[in-house]
Amino acid sequence: MKRKPRSFPPPNDLRRRAEQALAKTGPALAPMPEQDVQKVMHDLRVHQVELEMQNDELRRTQDALEEARDRYVDLYDFAPLALLTLSQGGEILEANLSAASLLGLERKALIHQKITRFIPAEAQDTFFLYCHQVLHSEARQTGELTLKNATGGCLTVRLEGLAADDPSTRESHCRLSPIDITERKEAERRRDLTSALAALFAHKDSTSEYLRSVVELIRQWSGSEALGIRLVNDAKEIPYESWAGFEPGFIELENHLSLQRDACCCIRAITQAAEQPDRALLTPGGSYRCDNLRSFTEQVTPQERARYRGNCVKFGFASVAVVPIHCRVGILGAIHLADRRPSLFTPRVVEFVESLAPIIGEAVRHFQAEAELAKHRDQLEGLVAQRTRELEATNEQLRAEVASRTVIEQALLSAAEALKRSNLDLEQFGYVVSHDLQEPLRAVAGFVRLLERRFPEKLDAKMREYIAGAAEGATRMERLITDLLTFSRLSTEARAFTPANLGVPLNAALRNQIGRASCRERV
């Protein structure tokens, strides 16, 4: 700050004032001898020099004090931190430029204002308690307070205060330094909201349960009167999967929007198909934001107004924001914020919600994938259960067949055992029969041969032929019985199979047939 030039009283004025002061001290001086006058003049000159030296020193001291004062004023006025001095009654006695900027008033207008003008009613008791602690303590006191500046904006400040005495009045004043921590608090709230969303993803089990908690968290953070989350379903509709603050009539009108049939901001935010009137509402992140919806609809043409459903205006909402929910596979839906207060959703609020949308989108996609997996798992479990029942029925059938086969095998074993015994009996019977039959055949053959030898003269050619045929038949019969006996012994005296000439038995069988035929002819 440029220092102002000092102003001193004129010399004539100083002399006049000195003469007036001298006249008040007493009568005029009596005549003095010349020697004494010279001595007094010398003393006066010496004193004059001393006074001039003192005056120069005082001027230098005053210059230094003024420079120090100017530096203090510069430091105080242009300090980056807001500085206030309050009386015990809460009146602003001093304020620097940063304090004036923080509270939204010029410094001249700020002086002598009551500090309670900038403090919400619900926080004034806390502030007075803090000032009481400052005035009655020698240590620095800290605290946090919500202020409302002259423009209506809310600030969160960190207070640092010390008590100071006024040298002139001996009264204690409260010197405060309100530090704006609104951005830091907002960053902490955003961080807490992001952490809460991450925790929800880890602790919730379904899309609806997760989105209900998301709606409450974002609504509480943004201060929004109403908030809903739409998701695209298989029918290409965008119903509210979860909402809070909307009236039932509004939900009934808006809960069946179709991406294919209807037209509105929510639909175009999801399809990313902005139209010409939407340009004023679009954000760089592809969201829609409007500070005064009624004013916007009044500015567009009737043809353009037909591209908006207008239900938000009908239900009195002024501030509206629609943020698409992104994920790696595309856009799943939208976050719909609405409030009857204008200009509530600032660009920074919408930008932060846009940063949350991918987190919500990935969580929704995860829950949807889990639901789809659960659906397929249930189907698979149903198929497995059905297949299990079929296998159990098949196993039961196999067990029945095995039991039946076991019974059949037991019957076969019994039959085989009986057949074995029967074969043994048959073999024994064949052996006995073959011996019993061979004896009469030998007798027949012997007697026929005996007739041929004893009565040769009585036998003519025809009789000899008959005797020869009878003898040959007895021989064949004996051979056949012997073969049957041999065949019956195959099971007990089995030998390896060898090639056989079937022509021999075939020729024998043919001869037998021929012989039988000739015998029948003779008879």
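Residues numbered from 1 in each chain as written. Predicted model: local features only at pLDDT ≥ 70, side-chain atom pairs only at ≥ 80, totals over all residues. Heavy atoms only, no water.

## What to know about the pairing of strand S4 (residues 154–165)
Note the cut-off: By the convention used here, strands pair only if DSSP detects at least 2 bridges between them. A run of DSSP states H or I qualifies as a helix once it reaches four residues; a run of E qualifies as a strand once it reaches two. Both are numbered from the N-terminal end.
Where strand S3 (residues 141–148) meets S4, eight bridges bridge the pair, whose relative direction is antiparallel. Bridging across to S4, glutamine 141 finds its partner in glycine 161. When S4 meets strand S5 (residues 172–180), the two strands line up antiparallel, connected through nine bridges. Bridge assignment links alanine 163 to a residue of S5, and that residue is cysteine 174. Counted along the chain from S4 to the antiparallel partner S5, the turn is six residues long, and its residue arginine 170 has a positive phi close to 60°.

## Let's talk about the confidence of the model for the protein chain
Stated precisely, the cut-off is as follows: What pLDDT conveys is the predictor's confidence in a given residue, as a value from 0 to 100.
The predicted model of the protein chain has a mean per-residue pLDDT of 84, with 90% of residues at 70 or higher. Across the protein chain, strand S6 (residues 226–231) holds the top mean pLDDT of 95, while helix H1 (residues 11–25) sits lowest at 68.

## Here's the deal with the nonpolar core
Put simply, the rule is: By convention a nonpolar core is built from buried Ala, Val, Leu, Ile, Met, Phe, Trp, Tyr and Cys residues, the set being connected through side-chain atoms within 4.5 Å. We call a residue buried when its accessible area falls under 20% of the maximum for its residue type, exposed when it is over 50%, and partly exposed in between, using a 1.4 Å probe and counting protein chains only. The contact criterion used is simple: two residues touch if any of their non-hydrogen atoms lie within 4.5 Å.
One finds Tyr210, Leu211, Val214, Leu227, Ile229, Ile335 and Ile360 to be the most contacted residues of the largest nonpolar core, which totals 31 residues. Counting only elements with at least two residues in this core, the list comes to helix H6 (182–203), helix H7 (207–222), S6, strand S9 (319–327), strand S10 (330–339) and helix H13 (347–454). Ranked by residues supplied to this core, first place goes to H13 with ten residues. Excluding its chain neighbours within four sequence positions, the residues that come into contact with valine 214 are Leu197, Leu200, Ile229 and Ile360. Core analysis: the second largest hydrophobic core is formed by 27 residues, Ala269, Cys312, Phe315 and Val320 among them.

## Things to note about empty space enclosed by the protein
In plain terms, the rule: Here a cavity means grid points, on a 1 Å grid over the protein atoms only, where a 1.4 Å probe fits yet cannot get out; a pocket means an open set of points with protein on both sides within 12 Å along at least five of seven lines; lining residues are those with an atom within 4 Å of a point. Grid points are joined across faces, edges and corners, and a volume is the space filled by probe spheres set on the points. Each residue is assigned to one class: nonpolar for Ala, Val, Leu, Ile, Met, Phe, Trp, Tyr, Cys and Pro, charged for Asp, Glu, Lys and Arg, and polar for all the others, Gly among them.
By the definition in use, this model includes two cavities of 30 Å³ or more. Here the largest cavity is characterised by a volume of approximately 250 Å³. Taken together, 20 residues form the lining of the largest cavity, with Cys264, Cys265, Leu293, Cys312 and Val320 sitting closest to its centre. For the lining of the largest cavity, the elements supplying multiple residues, two or more each, are helix H9 (265–271), strand S8 (288–290), helix H10 (293–299), helix H12 (311–314) and S9. Of the residues that constitute the lining of the largest cavity, the class distribution is 13 nonpolar, four polar and three charged. The computed volume of the second largest cavity comes to approximately 70 Å³. Forming the boundary of the second largest cavity are Leu84, Leu103, Ile115, Phe127, Leu145, Leu147, Leu159, Leu176 and Pro178. Residue composition of the lining of the second largest cavity, grouped by class: nine nonpolar, no polar and no charged.

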